[in-house]
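A look at the structure
Here are the chains, one letter per residue:
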Amino acid sequence: MTAVRSRGWIRTQRLECARRDLADLAQRATPVQALAARWGFAHASDFSRAFRRAYGMSPRDYREDARR
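In what follows, the accompanying structure is described. (Residues numbered from 1 in each chain as written. Predicted model: local features only at pLDDT ≥ 70, side-chain atom pairs only at ≥ 80, totals over all residues. Heavy atoms only, no water.)

Now for the environment of Arg67. Residue position: Arg67 is located in helix 4 (residues 59-67). Residue class for Arg67 comes out partly exposed when judged on its relative accessible area of 44%. Separated by 37 residues in the primary sequence, Arg67 and Thr30 have C-alpha atoms spaced 14 Å apart. Those residues in contact with Arg67 that lie beyond four places of it in its chain are Leu25 and Arg28. In terms of polar contacts, Arg67 uses its side chain to reach the backbone carbonyl oxygen of Arg28, at 3.1 Å. (Helix = DSSP H or I, 4+ residues; strand = E, 2+ residues; numbered from the N terminus. Buried < 20%, exposed > 50% of the residue type's maximum accessible area, 1.4 Å probe, protein only. Contact = heavy atoms within 4.5 Å. Polar contact = N/O pair within 3.5 Å; in protein donor to acceptor, adjacent residues only side chain to side chain.)

Membership of the largest hydrophobic core is limited to 11 residues, which are Leu15, Ala18, Leu22, Val32, Leu35, Ala36, Phe41, Phe47, Ala50, Phe51 and Tyr62. Beyond its immediate sequence surroundings of up to four residues, Ala50 is in contact with Arg11, Leu15 and Phe41. (Core = buried A, V, L, I, M, F, W, Y, C linked by side-chain atoms within 4.5 Å.)

We now examine the pattern of salt bridges. Under the definition given, this model contains four salt bridges. In this structure, the salt-bridge partner of Arg60 is Glu64, at a minimum N-O distance of 3.6 Å. One end of the pair, Arg60, and the other, Glu64, are both in helix 4, four residues apart, so they sit about a helical turn from each other. On the accessibility criterion, Arg60 (57% relative accessible area) is exposed. (Salt bridge = Lys/Arg side-chain N within 4 Å of Asp/Glu carboxyl O.)

The following block contains the structure:
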């Protein structure tokens, strides 16, 4: 596996973990920025862009949809 593919795989795994946390009702009071930082995203804007690219909506919108 090349370094580029490895980085992509790692980023995908981190996004998936963040997505699960966003949907977790027990973590609904945790700010999106804190969840992003927990999964290795230093900047909330980078996380937001990557999440939108991967899942087609913002982290905040995903969290709101998951609560319904």
